[in-house]
Amino acid sequence: MDLKELYQEIILDHGKNPRNLRKTENFNKDAKGHNPLCGDNVHIYLKLNENKKVEDISFEGHGCAISMASASIMTDLVKGKEETEVKEIVNDFLDMIKEKEELQNKILNEDEKTKLMCLSGVKQYPMRVKCATLSWHTLTSAIDDFQKIVNTEN
Amino acid sequence: MNIENIKKEFPIFDEKIQNNDLVYLDSANSSQKPRVVIDRIYDFYSKEFSNVGRSVHYLAVAATNLYENTRTSVQKYINAKDKNEIVFTKGATEAINLVANTFGQKYLEEGDEVLLTELEHHSNYVPWHFLRNSKKIKIEFAEINEAGEITIEAIKNKITNKTKIISVTHLSNVTGAILPIKEIVELAHSKNIPVLVDGCQGAPHLKLDMQELDCDFYAISGHKMYGPTGIGVLYAKKKWLDDLPPYQGGGGMINEVKKTGISYGELPNKYEAGTMATAQVIAFNESIKFMEKVGIENIEKHEKELLDYGLDILRKNNSIKIVGNPKNKGGVISFTIEGVHPHDIATILDEDGVAIRAGHHCCQILHEKLKLPATARASFGVYNTKDDIDQLSKSIENCKKIFNL
């Protein structure tokens, strides 16, 4: 195991200065995530426009460098994407953390993928995987609720 | 007391943990086991196994004697008046649940108050919370002072004529504060209020004398006393065990069972329903003997030295904040490092073989009060040395390096 692979500069940077750590005004979807074992909390706010595109995404919460960096990078990467694309990115990321070597999606460009792969160091630390995935699961929950609301309206 | 020799009695320290010597600073969570305890479990299962208290064959009688021997050892170790005041449970958690459940059933009514403290572990809060739901009781929390301790005044402030039981920790697993139990018991008894002491952190580190302490209930965790998991002890004054209803129903705890009714067994069987953790109880006797051999006074003195040494070193480090500063403190140092989350600290320390705990340590009420989502905690046992603390300090420096501090 290699701590340098876990705590890469980009992780430390996002962990220390998380992007989008705020509350979106006029958000129309949100969800809370909580890790009861360690007490980490995240609250994700989404603003989807009429075309189901992520107009804004932000988060509030506290946690370790890994969980803060993960939420920060995630919010950066999904901004401007369509809802279906966001879901694909989320699933791809979770698959990668769980088992796959590489990211498979064709939505993110190579630079973005490299950025996201910085989180793959966590695979060697099973106890820390949840830190990296909490915000992603929370984003899924926020989106799924949105769909439910859409379905109800339909 | 020669620590190097004592350390040799714990086989885990012969192991390399991820290629490192183990620096185990998580004894408040669970202690490591000496060879005598591990061997006793193996020997009992290999050569002596039988269930206890039921059959009349040779092995059953021998196993029953061994099982009861532990009860006598515990009684002597904590200076309880009567052997039957020792009830075996699966842990301190079950011991507290037993009291909350049976005492609650018989004595608590809507509007009654249970007094806890802000230092309590979840295991001394959640069982009482059940009664908040089922019986509409109220739970009050005595407040900590700035040093992270509970004073007798803090208890006094929260006692009302509705207070029906006081349930407090002996030693905080976060701030290390040792509570003035004797004074609390005297105060409570002057108002006819019984006292339960959560002794999870008290029993492994402090000399215990139930008759002197005079508390009504004392919960003990076996696995924090160099013993096996799955074993705990509830000490309760005999008057309570006679008076309270049984906790769980099953084999072994009955006197006579008929279609029309059931009468319950005498102590200690009344509270030990079903097949108990026999091997663990028998091996727990070896933990008690181990602690007696080392001597609790020596353990206390050794851990106090480690604590003073550790506090000295960590206080010199400007980026470290130590949580709480109790005058009377056990071998626990909870801390934070400015700019590094406790989980990151724990992962980085682990890389050097330094095992600490990070999180809220099952004390969310306290962490909320302290406005800290999590802390890192180093806690000591009899096998720790000053070298362990030096390594802790060195690994903390590594944390700061990795985080560019």
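It should be emphasised that the depicted structure is a prediction, and the values quoted were computed from it without experimental measurement. (Residues numbered from 1 in each chain as written. Chains lettered and ligands numbered in written order. Predicted model: local features only at pLDDT ≥ 70, side-chain atom pairs only at ≥ 80, totals over all residues.)

Participant: I would appreciate a short explanation of the overall build of chain B in the present structure.
Facilitator: Counting its regular elements, chain B contains 14 helices and 17 strands. Taking 405 residues into account, the globule formula puts the C-alpha radius of gyration at 22 Å, and chain B, at 22 Å, falls close to it. Counting across all 405 residues of chain B, residues that qualify as buried make up 49%. Sequence separation of 24 or more characterises 72% of the internal contacts of chain B that already satisfy a separation of 6 or more. (Helix = DSSP H or I, 4+ residues; strand = E, 2+ residues; numbered from the N terminus. Rg over C-alpha atoms; globule rule 2.2 N^0.38 Å. Buried ≥ 20, exposed ≤ 12 C-beta atoms within 10 Å, placed from the backbone. Contact = placed C-beta atoms within 7 Å.)

Participant: Where do I start with the pairing of strand 7 (residues 163–169) of chain B in this structure?
Facilitator: Walk down a regular strand and you will see the side chains alternate between the two sheet faces. All names here are of chain B. Of all seven residues in strand 7, five are buried; the element is thus mostly enclosed. Where strand 5 (residues 113–117) lies against strand 7, three bridges are found, and the strand directions are parallel. When the bridges of strand 7 are listed, Leu115 appears paired with Ile166. Two strands pair when backbone bridges link them, and strand 7 and strand 8 (residues 195–198) are joined in this way by four bridges, in the parallel orientation. (Pairing = 2+ DSSP bridges.)

Participant: In this structure, what is going on with the nonpolar core? I would like to understand it.
Facilitator: Core analysis: the biggest nonpolar cluster contains 115 residues, and Phe217(B), Ala219(B), Leu234(B) and Tyr235(B) have the highest contact counts within it. When residues of this core are assigned to their parent elements, the largest contribution, eight residues, is made by helix 10 (residues 278–294) of chain B. Counting only domains with at least three residues in this core, you end up with domain 1 (3–30 + 295–402) and domain 2 (38–292) of chain B. If we ignore the near neighbours within four places in the chain, the residues touching Tyr235(B) are Ile78(B), Ala80(B), Glu85(B), Ile86(B), Met210(B), Phe217(B), Tyr218(B) and Ile220(B). Counting 37 residues, the second largest nonpolar core, distinct from the first, contains Leu46(A), Leu48(A), Val90(A) and Phe93(A). (Core = buried A, V, L, I, M, F, W, Y, C linked by C-beta atoms within 7 Å. Domains from an automatic or database assignment.)

Participant: Before we go on, may I ask you to explain helix 10 of chain B in this structure?
Facilitator: A turn of α-helix holds 3.6 residues, and therefore any two residues three or four places apart point the same way. Residues and elements named next belong to chain B. With 17 residues, helix 10 ought to run about 24 Å at 1.5 Å a step, and its terminal C-alpha atoms sit 25 Å apart, in line with that. For helix 10, the buried fraction is high: 13 of the 17 residues fall into the buried class. Remark: Gly295 follows helix 10 within two positions and exhibits a positive phi of approximately 95°. (Expected span 1.5 Å × (residues − 1).)

Participant: Help me out: how do you make sense of the sheet that holds strand 9 (residues 217–221) of chain B in this one?
Facilitator: Two orientations exist for strands paired in a sheet by backbone hydrogen bonds: parallel and antiparallel. Residue and element names in this part refer to chain B. Spatially, 4-10-9-8-7-5-6 is the arrangement adopted by the seven strands of the open sheet, whose pairing is mixed. Bordering the open sheet on either side are strand 4 (86–89) and strand 6 (138–142), each of which pairs with just one other strand. The mean angle between the axes of side-by-side strands here comes to 20°, regardless of whether they run parallel or antiparallel. For strand 9 and strand 10 (residues 232–236), the ladder comprises five bridges, and the chain directions are antiparallel. Paired with Phe217 across the two strands is Ala236, which belongs to strand 10. Lying over the sheet, helix 5 (residues 126–134) contacts strand 5, strand 6 and strand 7, oriented at roughly 145° with respect to strand 6. (Axes fitted to C-alpha atoms, helices over the stretch in contact; angles between N-to-C directions.)

Participant: How do you make sense of the interface of chain B and chain A when you look at a structure like this?
Facilitator: Put simply, an interface is often sized by how much accessible area is lost when its parts join up. With 14 residues of chain B at the contact, the number on the chain A side is 14 residues. The biggest single contributor to the side of chain B that touches chain A is helix 12 (residues 342–350) of chain B, with four residues. Residue classes in the side of chain B that touches chain A are distributed as five nonpolar, seven polar and two charged. (Nonpolar A, V, L, I, M, F, W, Y, C, P; charged D, E, K, R; others polar.)

Participant: Explain unusual backbone geometry here, please?
Facilitator: Glycine aside, a negative phi is what most residues show, and trans is what most peptide bonds show. In this structure, Pro268(B) follows Leu267(B) across a cis peptide bond, with omega equal to 5°. Secondary-structure assignment places Pro268(B) in the loop between strand 12 (261–264) and helix 10. The phi dihedral of Asn20(A) is positive, around 65°, even though this residue is not glycine. Assignment of secondary structure puts Asn20(A) in the loop between helix 2 (9–16) and strand 1 (29–35). Residue classification places Asn20(A) among the buried residues on the basis of 20 C-beta atoms within 10 Å. For Asn26(A), which is not glycine, the phi dihedral falls at a positive 55°. Along the chain, the position of Asn26(A) falls in the loop between helix 2 and strand 1.

Participant: Whenever I open this one, the confidence of the model for chain B confuses me. Can you help?
Facilitator: Parts of the prediction with low pLDDT should not have their coordinates interpreted in detail. With 100% of its residues at a pLDDT of 70 or more, chain B has an overall mean of 96. Across the interface, the model reports ipTM at 0.86; the global pTM reads 0.93. (pLDDT = per-residue confidence, 0-100.)

Participant: Just to check I follow, could you spell out the pairing of strand 11 (residues 254–258) of chain B for this structure?
Facilitator: Judged by how many residues are buried, strand 11 of chain B sits mostly at the surface: zero of five residues are covered. Between the antiparallel neighbours strand 11 of chain B and strand 12 of chain B lie two residues.

Participant: Explanation requested: the sheet that holds strand 3 (residues 54–62) of chain A in the structure shown.
Facilitator: All names here are of chain A. Spatially, three strands are ordered 1-2-3 in an open sheet, and the strand pairing comes out antiparallel. Single-partner strands in this sheet number two, and they are strand 1 and strand 3. Each strand axis lies, on average, 15° off the axis of its neighbour in the sheet, ignoring direction. Where strand 1 and strand 2 (residues 40–48) come together, seven bridges link them in antiparallel fashion. Across the sheet, the residue bridging to His34 is Asn41, located in strand 2. Contacts from helix 3 (residues 65–78) reach strand 2 and strand 3, with the element oriented near 175° to strand 3.

Participant: Got a minute to help me understand the domain arrangement of chain B in this structure?
Facilitator: All names here are of chain B. The domain boundaries assigned to chain B delineate domain 1 (3–30 + 295–402) and domain 2 (38–292). With centres defined by C-alpha atoms, the gap from domain 1 to domain 2 works out at 28 Å. Listed as interface residues are 27 residues of domain 1 and, on the opposing side, 27 residues of domain 2. Contributions of two or more residues to the side of domain 1 that touches domain 2 are made by helix 11 (296–315), strand 14 (332–337), helix 13 (364–369) and strand 17 (375–379). The element contributing the most residues to the side of domain 1 that touches domain 2 is helix 11, with five residues. Taken together, the residues that form the side of domain 1 that touches domain 2 break down as eleven nonpolar, nine polar and seven charged.

Participant: Teacher, can you tell me more about the packing of helix 12 of chain B against helix 14 (residues 386–402) of chain B here?
Facilitator: Think of two packed helices as two axes; the pair is described by the angle between the axes and how far apart they sit. Residues and elements named next belong to chain B. At a minimum axis distance of 9 Å, the contact between helix 12 and helix 14 shows a crossing angle of 115°. Viewed along their axes, helix 12 and helix 14 form a crossing whose handedness is right-handed. Residue-level contacts link Ile345, Ile348 and Leu349 of helix 12 to Ser395, Asn398, Cys399 and Ile402 of helix 14. (Left-handed = near helix turned anticlockwise from the far one by under 90°.)

Participant: What is the right way to read the environment of Asn35(A) from this model?
Facilitator: All names here are of chain A. Locating Asn35 in the fold gives a position in strand 1. On a C-alpha basis, the gap between Asn35 and Thr140 in space is 16 Å, while along the polypeptide they are 105 residues apart. With residues up to four places along the chain from it excluded, the contact list for Asn35 reads Asp40, Lys130 and Leu134.

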